[in-house]
Amino acid sequence: MPLRLHARSARLDLTSASLPQISLCGLGPEVTYRSATQEQIWRPALREVDGGFAAATLDGTLTVRLCVREDGGALIVDAGVRNTGTQPIHLRRIAPLALDASGACRVGPGADRWGIFRHGYQSWTGTRSFRTTEIDRDPQSLLLRIGLIDICRPAPQRRGHFQSDLLTVVKHLDSGDTLVAGFLSCRTAFGSVEVRVDGARCTRFAALLEYDDIRLEPGQEITTEPLWLAVGTNDHELLATYATAVGAAMRARIPARNPLGWCSWYYYFTSITEDIIVENLRALTQLRARFPCDYVQVDDGYQAEIGDWLAANEKFPRGMHWMAEQIRAAGFDAGIWTAPFIARRGSRLLAEHPDWFVKNHRGRPRFALWNPVWGRWGNCYALDTTHPAALDWLRSTFRTLAAEWGYRVLKLDFLFAAALPGQRYDPRATRAVALRRGLEAIREGAGDAAFLLGCGCPLGPAIGIVDAMRIGPDVAPYWSNAFSRGPQRDLHGLATKHAIRNTLTRAFMHRRWWLNDPDCLMVRDTRTQLTPDEVRSLATVIAVTDGMIVLSDRVEQLSPERLDVLDRTLQLAGGQPQVVDLLHGDMPELVVARTAEHRMVAAFNFGEQPRRCEIDLTSLGMAAGSESLREWWTEALIPVRGGLAQLGEVPPHGCRVLLLPNA
Ligand code: 9PG
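Residues numbered from 1 in each chain as written. Predicted model: local features only at pLDDT ≥ 70, side-chain atom pairs only at ≥ 80, totals over all residues. Heavy atoms only, no water.

1. Description of the overall build of the protein chain
For the protein chain, the count of helices and strands is twelve helices and 39 strands. With the C-alpha coordinates aligned to their principal axes, the bounding extent of the protein chain is approximately 75 × 70 × 45 Å. The buried share of the protein chain, taken over its 663 residues, is 63%. Put simply, 70% of the contacts in the protein chain that link residues at least 6 apart link residues at least 24 apart. Total accessible area computed for the protein chain in this model is approximately 24500 Å², and 50% of it derives from carbon and sulfur atoms. (Helix = DSSP H or I, 4+ residues; strand = E, 2+ residues; numbered from the N terminus. Buried < 20%, exposed > 50% of the residue type's maximum accessible area, 1.4 Å probe, protein only. Contact = heavy atoms within 4.5 Å. Areas by Shrake-Rupley, 256 points an atom, 1.4 Å probe, with all protein chains shown as cover.)

2. Points about the site of the ligand
Close contacts around the ligand come from 14 residues, with Tyr266, Asp299, Asp300, Lys411 and Asp474 the closest. Protein burial of the ligand: of its 450 Å² of free accessible surface, 88% is covered by the chains. Class assignment for the residues of the shell around the ligand results in eight nonpolar, no polar and six charged. (Near = heavy atom within 4 Å. Nonpolar A, V, L, I, M, F, W, Y, C, P; charged D, E, K, R; others polar.)

3. Quick look at the packing of aromatic side chains
Applying the stated criterion across every chain yields a total of 18 aromatic pairs. Measuring from centroid to centroid gives 5.1 Å for tryptophan 124 and phenylalanine 414, while their planes differ by 75°, and the two rings are edge-to-face. Taken together, the residues span a long stretch of sequence, with tryptophan 124 in the loop between strand 10 (114-118) and strand 11 (128-131) and phenylalanine 414 in the loop between strand 27 (407-412) and helix 8 (431-446) at a distance of 290 residues. With relative accessibility at 8%, the residue tryptophan 124 sits in the buried group. Overall, the relative accessible area of 9% leaves phenylalanine 414 in the buried class. Taking the centre distance of 5.1 Å and the plane angle of 10° together, the rings of phenylalanine 604 and phenylalanine 606 count as stacked. The same class applies to phenylalanine 604 and to phenylalanine 606, which are both buried. Pairwise contacts between aromatic rings join Trp124, Trp309, Trp337, Trp374, Phe414 and Phe416 into one cluster. Positioned above the aromatic ring of phenylalanine 332, the side-chain terminus of arginine 288 is 4.1 Å from the ring centre. (Phe/Tyr/Trp six-rings, centres within 6.5 Å; stacked < 30°, edge-to-face > 60°. Lys NZ or Arg CZ within 6 Å of the ring centre and 35° of its normal.)

4. Some details on the domain arrangement of the protein chain
On domain assignment, one finds that the protein chain holds domain 1 (3-111 + 182-233) and domain 2 (590-661). Once you take the C-alpha centre of each, domain 1 and domain 2 turn out to be 45 Å apart. (Domains from an automatic or database assignment.)

5. Remarks on the pairing of strand 1 (residues 3-8)
For a regular strand, side chains alternate in direction, first toward one face of the sheet and then toward the other. Pairing of strand 1 with strand 2 (residues 11-16) involves six bridges; the strand directions are antiparallel. Across the sheet, residue leucine 3 finds its bridge partner in strand 2, namely serine 16. Connecting strand 1 to the next strand, strand 2, in antiparallel fashion are two residues, including serine 9 with a positive phi near 30°. (Pairing = 2+ DSSP bridges.)

6. Comments concerning the sheet that holds strand 26 (residues 380-382)
Ordered by their spatial adjacency, three strands build an open sheet running 24-26-25, and the pairing between neighbours is antiparallel. Since the sheet does not close on itself, it has two edges, and those belong to strand 24 (342-344) and strand 25 (367-369), each with one partner. Between one strand axis and the next, the sheet turns by 45° as a mean value, whatever way the strands run. Direction of pairing for strand 24 relative to strand 26: antiparallel, over a ladder of three bridges. (Axes fitted to C-alpha atoms, helices over the stretch in contact; angles between N-to-C directions.)

7. Let's talk about the nonpolar core
One finds Phe205 and Leu410 to be the most contacted residues of the largest nonpolar core, which totals 211 residues. Both of domain 1 (3-111 + 182-233) and domain 2 (590-661) provide at least three residues apiece to this core. Val592, Ile615, Leu617 and Leu660 belong to the second-largest nonpolar core, a separate cluster that totals 16 residues. (Core = buried A, V, L, I, M, F, W, Y, C linked by side-chain atoms within 4.5 Å.)

8. Concerning the packing of helix 10 (residues 496-505) against helix 11 (residues 532-544)
Between helix 10 and helix 11, the shortest axis-to-axis distance is 10 Å and the interhelical angle comes to 25°. Judged by the angle between their axes, helix 10 and helix 11 are roughly parallel. Handedness of the helix 10/helix 11 crossing: left-handed. Between helix 10 and helix 11, the contacting residues are Thr496, Ile500, Thr503 and Leu504 on the first element and Ser537, Leu538 and Val541 on the second. Its residues assigned to classes, the contact of helix 10 with helix 11 comprises four nonpolar, three polar and no charged. (Parallel < 35°, antiparallel > 145°, perpendicular 65-115°, else oblique. Left-handed = near helix turned anticlockwise from the far one by under 90°.)

9. Brief notes about the packing of helix 4 (residues 274-286) against helix 5 (residues 319-329)
In the contact formed by helix 4 and helix 5, the axes pass within 11 Å of each other and the chain directions differ by 10°. One finds that helix 4 runs roughly parallel with respect to helix 5. Contacts from Glu274, Ile277, Val278 and Leu281 of helix 4 reach helix 5 at Gly319, Trp322, Met323, Gln326 and Ile327.

10. Points about the sheet that holds strand 23 (residues 333-338)
Here we have eight strands laid out as an open sheet, ordered 30-29-28-27-23-20-19-31, and parallel in their pairing. Unpaired on one side and paired on the other, strand 30 (515-517) and strand 31 (549-551) mark the two borders of the sheet. Geometrically, the sheet is characterised by an average inter-axis angle of 25° between neighbouring strands, direction not taken into account. As paired strands, strand 23 and strand 27 are joined by five bridges and run parallel to one another. Each bridged residue has a counterpart across the sheet, and for tryptophan 337 the counterpart in strand 27 is lysine 411. Sheet strands in contact with helix 5 are strand 20 (295-298), strand 23 and strand 27, and its direction is about 145° off that of strand 23.

11. Regarding the pairing of strand 12 (residues 161-165)
Across the five residues that make up strand 12, a large majority, five, are buried. Neither face of strand 12 is open: one carries His161, Gln163 and Asp165, the other Phe162 and Ser164, and all of them are buried. Of the strand pairs in this sheet, strand 12 and strand 15 (residues 190-198) are connected by five bridges, and their pairing is antiparallel. Directly across from serine 164, in strand 15, lies its bridge partner valine 193.

12. As for the environment of tryptophan 309
Relative to the assigned elements, tryptophan 309 resides in strand 22 (residues 308-312). On a C-alpha basis, the gap between tryptophan 309 and phenylalanine 398 in space is 9.4 Å, while along the polypeptide they are 89 residues apart. Non-local contacts of tryptophan 309, meaning those with residues more than four positions away in its chain, are made with Tyr302, Gln303, Trp337, Thr338, Ala339, Pro340, Ile342, Trp393 and Thr397.

13. Description of helix 8
In this model, helix 8 (16 residues) spans 23 Å end to end at C-alpha, consistent with the 22 Å of a helix rising 1.5 Å per residue. In terms of burial, helix 8 is a largely internal element, 13 of the 16 residues being buried. (Expected span 1.5 Å × (residues − 1).)

14. Thoughts on unusual backbone geometry
The residue after aspartate 586, namely methionine 587, is reached through a cis peptide bond having omega -20°. Among the secondary structure elements, methionine 587 is positioned in the loop between strand 32 (576-579) and strand 33 (590-594). Of note, aspartate 212 is a non-glycine position whose phi angle comes to about 55°, a positive value. A positive phi angle, close to 45°, is found at arginine 527, a residue other than glycine.

15. What about the side chain of threonine 178?
Checked against the element boundaries, threonine 178 lands in strand 14 (residues 178-183). Taking the relative accessible area as the measure of exposure, threonine 178 reaches 0% and is therefore buried. Polar side-chain contacts of threonine 178 include one of 2.8 Å to the backbone oxygen of glycine 176. Apart from residues no more than four positions distant in its own chain, threonine 178 is found in contact with Ile22, Val107, Val169, Val170, Lys171, Ala230, Val231, Gly232, Thr233, Asp235 and Leu238. (Polar contact = N/O pair within 3.5 Å; in protein donor to acceptor, adjacent residues only side chain to side chain.)

16. With respect to the state of the cysteines
By definition, a disulfide links two cysteine residues through a covalent bond between their sulfur atoms. Evaluation of the coordinates by the stated rule reveals zero disulfides. With no disulfide of its own, cysteine 655 lies closest to cysteine 613 among cysteine sulfurs, the gap being 11 Å. Using a relative accessible area of 2% as the deciding quantity, one classes cysteine 655 as buried. (Disulfide = S-S within 2.5 Å.)

Quick look at the structure:
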């Protein structure tokens, strides 16, 4: 259902012949820049030129051109901004398209019934749909904001006003009319889509790219990342089409199959030792027939200091080269955690090369984070990934880890640090460019055969470089935390519930941009506060979205009952998921998936009270041939009457899963 373009008195309108309730009227570019003194927002009046639209500022300092093309039912907008003046300017932001004051964005009969998908900046940023009466809030403390959102693009924190990283979906929840708008590639600038609703009217719609005040010299032109827009009535299909187009434009790396892994973090945290890894190697070898683990990944806790990745601490007396050899000798791929874009006060890296770090306005290394698990004293600073010597160091470090020591799986953590604002060696690099250069250097050093897993990473610029990406906050051996239950309703911090939310809301990226890493599976019944229902919900969400399965338990001590949970998780995995109620608000509770043999439906109760649930199999296109179905986890018989599967009471934080053979 293609969008059509109309040029009308200096602005553009987009309409759809088959969906008369969808239209965007009064669109045009918006350029925010700073010349000698003040910052200006320029909203040019466009004129048609051959093959597109163009405009120039009155004083001739800037020209903009716009080119709109159609591709597979979507409209793609390319913009270029040229400095046609005699002085450099600083470019803050380019919106290839934004509504003007008289404009209107209509999706269905009224904006008051919209569901708006607000996508988060990096791996850990909570991602969910909002209703227009809700407020999207950032964490209150600056420390948390630095580590969880983009501090350069805070949430508007006003009712009905949202800024969504990279893309948004707007769906009218009654008519089903849907608009997807997002950037097709993200190599050179961070993109976002801003949507504001007042009552039943949309008063702001803008697709924005951040240029971080880089200098645009006289004669120089910036070409924006292409903006992709499409409309329809099936949000799932539209989002899948968008994600596929992004994957193609960014040349995504998609491994043929999901590796199974083991990770030390969520049982041992920083208290790992050589003996602990060896114990788990032995246990995983014994468990191989049931859990054919591909890789064993040592997480945080082995290193001498944050920044000095090739030096182990006293808990690994034989060093990390030896450790890799042990893992490989046991028949597993070796994996290791690093945080390559930060270094801590006290590291050799920072002491020897202070000039390799991003600078703050005082010319001092730029603060990146403080993490109590690394000791109370000692801040971490952000590596300048535009500095040639820092890039050489990254290449050589990862060459050593991968080619010399034999680590094939490289978990790259706290990657957001490379994109923090500050002064860099290359003043023309945007924050997105800096991040991508750092990631490219790691890929060059590690080689094409390495499996790179991004974590704490702004998503867009990593597509095409990493093989897998953490798509949510950390799981934890507990369900939620005080911040999430308090008035702030935090979405981003460590909690199994938060990991589950993002695993559902970002499921559409899987196998289009990379393999989704929903974070680790914990099935244990010791050293955890997760209830059996919560463990099943975590396992179900990971499996039905086909996310990577990475176990993080003390393997030797898993009870037979919990090994059974692991078996059932593996059996559920491998389907193609659809999150049915993605746009309905927080949190999604209904997923269907298709494998070669089965259709599955998973229903969750993320509320705090038990709830009677039924699933309308007919409306999901899954009419059951039989009068009852067996629930996957409990093996209870679920009656099916008139196409309704009656699940009975689902416990809080629990789920029910039904499998139907393919018709
Ligand atoms: C190791 C861990 C694990 C884990 C990573 C990352 O302050 N924070 O917001 C914060 C978020 C995540 C986090 C640590 C701190 O965990 O996601 O898998 O590797 O580092 O330290």
